[in-house]
Protein chains: 2
Amino acid sequence: MEKKPELCRVEDALGILVGKWKPIILLHLLINGTMRFSELKRHMPGITQKMLTKQLRELEEEDIVQRVVYPQVPPKVEYSITEYGRSLEPILEAMHEWGSKHTAHKEEKEKRMAQKEAN
Amino acid sequence: MEKKPELCRVEDALGILVGKWKPIILLHLLINGTMRFSELKRHMPGITQKMLTKQLRELEEEDIVQRVVYPQVPPKVEYSITEYGRSLEPILEAMHEWGSKHTAHKEEKEKRMAQKEAN
DNA sequence: CGGCATCCTTGATGATACTG
DNA sequence: CAGTATCATCAAGGATGCCG
């Protein structure tokens, strides 16, 4: 661990992952490989086109995802993770694992609280 | 990697780390061990008392940090990472490392862009 | 199909002042 | 010292409609 918090680069990674839908977008692309815009949208109930577009553009800007437009009618746009983007996978995995444990941790805690209530 | 993005727990970890100051607070506590409120504040130029209090309370709520109040005048409150909170360390470290590489990656990219401009 | 433009709501953060 | 309270600001996210 870096001994000078001022030089912390955690924010940089955080900045990439933050966004209500970014992690899930990345997971979909990691699992399915290349996906079309509409396909991606179909897998994410609740997301609006605007948000999906925006988050994808931001990820593209950071070279995490690649956007390929096929000049045809109707339009076809495919998204995929870049080689560089794959370097995020270990972090996503670590966070997922930690998150799973944390969910269990919270449930135990709530159980203890409820027990306390009963007394 | 979990094959069902719907079951993704990345957000849970993300939720803990997100907050303009949380990562840096955690880094300070990880490095220095126990710290007083004012000491923490002194190490983070720019943070307001309100924000520091709020973020610390949120971290406390999740059992990531421990808050110990000494009933005396003037008040003395010490913060430290919990055993549980330490389980976040690998993630912070991974993000820091990735962030450092990403910074380099972006600089290279900008250099290429500037080169292009020149032509 | 895959967007973009607009308008709007809300939560996160900040500035400032006051207090046990 | 370590907060709380109040007010102000601002960007993220959402709803909706139009377009090549």
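Residues numbered from 1 in each chain as written. Chains lettered and ligands numbered in written order. Predicted model: local features only at pLDDT ≥ 70, side-chain atom pairs only at ≥ 80, totals over all residues. Heavy atoms only, no water.

**Q** Explain the interface of chain A and chain B here, please?
**A** Interface size is commonly expressed as the accessible surface area that is lost when the partners come together. Across the boundary between the two partners, chain A contributes 45 residues, which contact 45 residues of chain B. With both chains or domains summed, chain A and chain B bury close to 4,300 Å², and 69% of this area falls on carbon and sulfur atoms. Our enumeration of links across chain A and chain B arrives at 2 salt bridges. Among the elements of the structure, α1 (10-17), α2 (22-32) and α5 (89-118) of chain A are those that each provide at least two residues to the side of chain A that touches chain B. The element contributing the most residues to the side of chain A that touches chain B is α5(A), with 16 residues. (Contact = heavy atoms within 4.5 Å. Buried area = accessible area lost by both parts, 1.4 Å probe. Salt bridge = Lys/Arg side-chain N within 4 Å of Asp/Glu carboxyl O. Helix = DSSP H or I, 4+ residues; strand = E, 2+ residues; numbered from the N terminus.)

**Q** How should the protein's contact with DNA strand C be read in this particular structure?
**A** Taken together, 22 residues surround DNA strand C, and among them R57(A), R67(A), Y79(A), K20(B) and K50(B) come closest. Near-protein atoms of DNA strand C (within 4 Å) split between backbone and bases, with sugar and phosphate holding 63%. With respect to DNA strand C, the side chain of Q49(A) contributes an N or O atom lying 3.0 Å from a base nitrogen. The contact in question runs from a phosphate oxygen of DNA strand C to an N or O atom on the side chain of Y79(A), over 2.7 Å. Sorting the residues of the surface near DNA strand C by element identifies α3 (37-42), α4 (49-61) and β3 (76-81) of chain A together with α4 (49-61) of chain B as the ones contributing at least two each. A breakdown of the residues in the surface near DNA strand C according to their chemical character gives 8 nonpolar, 6 polar and 8 charged. (Near = heavy atom within 4 Å. Polar contact = N/O pair within 3.5 Å; in protein donor to acceptor, adjacent residues only side chain to side chain. Nonpolar A, V, L, I, M, F, W, Y, C, P; charged D, E, K, R; others polar.)

**Q** Any chance you could explain the protein's contact with DNA strand D here in plain terms?
**A** If you check the shell around DNA strand D, you find 21 residues, and the closest are K20(A), K50(A), R57(B), R67(B) and Y79(B). Counting only atoms of DNA strand D within 4 Å of the protein, the sugar-phosphate share comes to 64%. One nitrogen or oxygen atom from the side chain of Q49(B) is found 2.8 Å from a base nitrogen belonging to DNA strand D. Take R67(B): an N or O atom from its side chain is 2.5 Å from a phosphate oxygen of DNA strand D. Of all the elements in the fold, those that place two or more residues in the surface near DNA strand D are α4 of chain A together with α3 (37-42), α4 and β3 (76-81) of chain B. The element best represented in the surface near DNA strand D is α4(B), accounting for 4 residues.

**Q** Is there a simple way to think about the pairing of β3(A) in this case?
**A** For a regular strand, side chains alternate in direction, first toward one face of the sheet and then toward the other. Residues and elements named next belong to chain A. Of all 6 residues that make up β3, 5 are buried, and the element is covered over most of its length. Strand direction decides the pairing type here: strand β1 (residues 35-36) and β3, joined by 2 bridges, are antiparallel. For R36, the partnering residue across the bridge sits in β3 and is E78. Inspection of the sheet shows strand β2 (residues 65-70) paired to β3 by 6 bridges, in the antiparallel sense. (Buried < 20%, exposed > 50% of the residue type's maximum accessible area, 1.4 Å probe, protein only. Pairing = 2+ DSSP bridges.)

**Q** Got a minute to help me understand the packing of helix α2 (residues 22-32) of chain B against α4(B) in this structure?
**A** Between two packed helices, both the angle of their axes relative to each other and the distance between the axes serve to describe the pair. All names here are of chain B. Here α2 crosses α4 at 75°, and the two axes come no closer than 10 Å. Considering the angle they form, α2 stands roughly perpendicular to α4. Seen from α2, the contacting residues are K22, I25 and L26; seen from α4, they are L52, Q55, L56, E58 and L59. Here the residues of the contact of α2 with α4 are counted per class, giving 5 nonpolar, 1 polar and 2 charged. (Axes fitted to C-alpha atoms, helices over the stretch in contact; angles between N-to-C directions. Parallel < 35°, antiparallel > 145°, perpendicular 65-115°, else oblique.)

**Q** Is there a simple way to think about the UniProt feature "domain: HTH hxlR-type" (unreviewed entry) in chain A in this case?
**A** Those places that UniProt annotates as "domain: HTH hxlR-type" (unreviewed entry) correspond, in this numbering, to residues 8-107 of chain A. Along residues 8-107 of chain A the backbone is 57% helical and 14% strand, and the end-to-end C-alpha distance reaches 32 Å. (UniProt positions renumbered as here; feature names shortened; annotations may be inferred.)

**Q** Can you walk me through the packing of aromatic side chains in this structure?
**A** Both the distance between ring centres and the angle between the ring planes are used here to describe each pair of aromatic rings. Summed over all chains, the structure comprises 2 aromatic pairs over all chains. Positioned above the aromatic ring of Y70(B), the side-chain terminus of K76(B) is 4.9 Å from the ring centre. (Phe/Tyr/Trp six-rings, centres within 6.5 Å; stacked < 30°, edge-to-face > 60°. Lys NZ or Arg CZ within 6 Å of the ring centre and 35° of its normal.)

**Q** Would you mind showing me how to read the sheet that holds β3(B) here?
**A** Note: strands within a sheet are paired through backbone hydrogen bonds, in either parallel or antiparallel orientation. Residues and elements named next belong to chain B. Judged by pairing direction, the sheet is antiparallel, and its 3 strands sit side by side in the order β1-β3-β2 without closing on themselves. Looking along the sheet, the strands with just one partner apiece sit at the ends: β1 (35-36) and β2 (65-70). Sheet contacts for α2: β1, β2 and β3; angle to β3, the most-contacted strand, approximately 90°. In this fold α4 packs onto β2 and β3, with an angle of close to 115° to the strand it touches most, β2.

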